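Below are the chains, spelled out letter by letter.
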Amino acid sequence: MRERGESLLELVVAIALMGVAIVAVMAGLTTTVMLSDVQRKQATASSVVRNYAEALQQFVASGHYVACAGAGSYVVPGFAPPAGFTARVVAGSLRYWTGALWLPLCLPDRGLQKLRVSVESTDGRASEYLDVVLRRPCGVEDPPCS
């Protein structure tokens, strides 16, 4: 009975195949973890942008409508996005309703404005935006809304 051991070539090939398999598994695991993080941040950004839009609408409805508003006119006091996220009104997104269409010029303010709010993760992996229509509140003491 003849005993035969493994040759050096067989060992090198086996180790190389195992190395390639381990690298592929680790790359797949790393990708899965990264995509899971992106998905979690995207879901958080989606929730926060809706909360921010609702807070902005409530702020305006409570008497803070700004006729012919500018870029920085709407800052919601007390709204703080979660750590790792920023919330803002997108510069240049403000549009005014003319009675027929939305224009970037205030010709006169008819009480409807549309703007875009955005929430982004600070690492840039996730962002969400939402278009919000703001309406001038019309109370009994206010002049008629047109």
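Now for a look at the structure at hand. (Residues numbered from 1 in each chain as written. Predicted model: local features only at pLDDT ≥ 70, side-chain atom pairs only at ≥ 80, totals over all residues. Heavy atoms only, no water.)

**Some points on the environment of cysteine 138**
Selection rule: Helix numbering and strand numbering both begin at the N terminus, where a helix is a DSSP run of H or I of at least 4 residues and a strand a DSSP run of E of at least 2.
Looking at the secondary structure, you find cysteine 138 in the segment after strand 5 (127–135). Separated by 27 residues in the primary sequence, cysteine 138 and glycine 111 place their C-alpha atoms 9.3 Å from one another.

**A closer look at the side chain of lysine 41**
Quick note on the threshold: Residue contacts are counted whenever heavy atoms from the two residues lie within 4.5 Å of one another.
Along the polypeptide, lysine 41 turns up in helix 1 (residues 8–64). In contact with lysine 41, other than residues within four places in its own chain, are Phe85, Ser121, Asp123, Arg125 and Ala126.

**A closer look at the packing of aromatic side chains**
The relation between two aromatic rings is expressed through the spacing of the ring centres and the mutual angle of the planes. Keep this limit in mind: Any two of the Phe, Tyr and Trp rings considered here, Trp counted by its six-membered ring, make a pair once their centres fall within 6.5 Å; the pair's planes then place it as stacked at under 30 degrees, edge-to-face at over 60, or tilted in between.
Under the definition given, this model contains two aromatic pairs. Ring geometry for tyrosine 52 against phenylalanine 79: centres 4.9 Å apart, planes inclined by 45°, an arrangement best described as tilted. Highlighted residues: tyrosine 52 in helix 1 and phenylalanine 79 in the loop between helix 1 and strand 1 (85–89), separated in sequence by 27 residues.

**Section: helix 1**
Formally: How far a helix is expected to stretch is found by multiplying one less than its residue total by 1.5 Å.
Spanning 57 residues, helix 1 covers 80 Å between terminal C-alpha atoms, matching the ideal 84 Å at 1.5 Å per step. Buried residues belonging to helix 1 abut strand 1, strand 4 (112–121) and strand 5.

On their own, these measurements won't tell you what the molecule is for.
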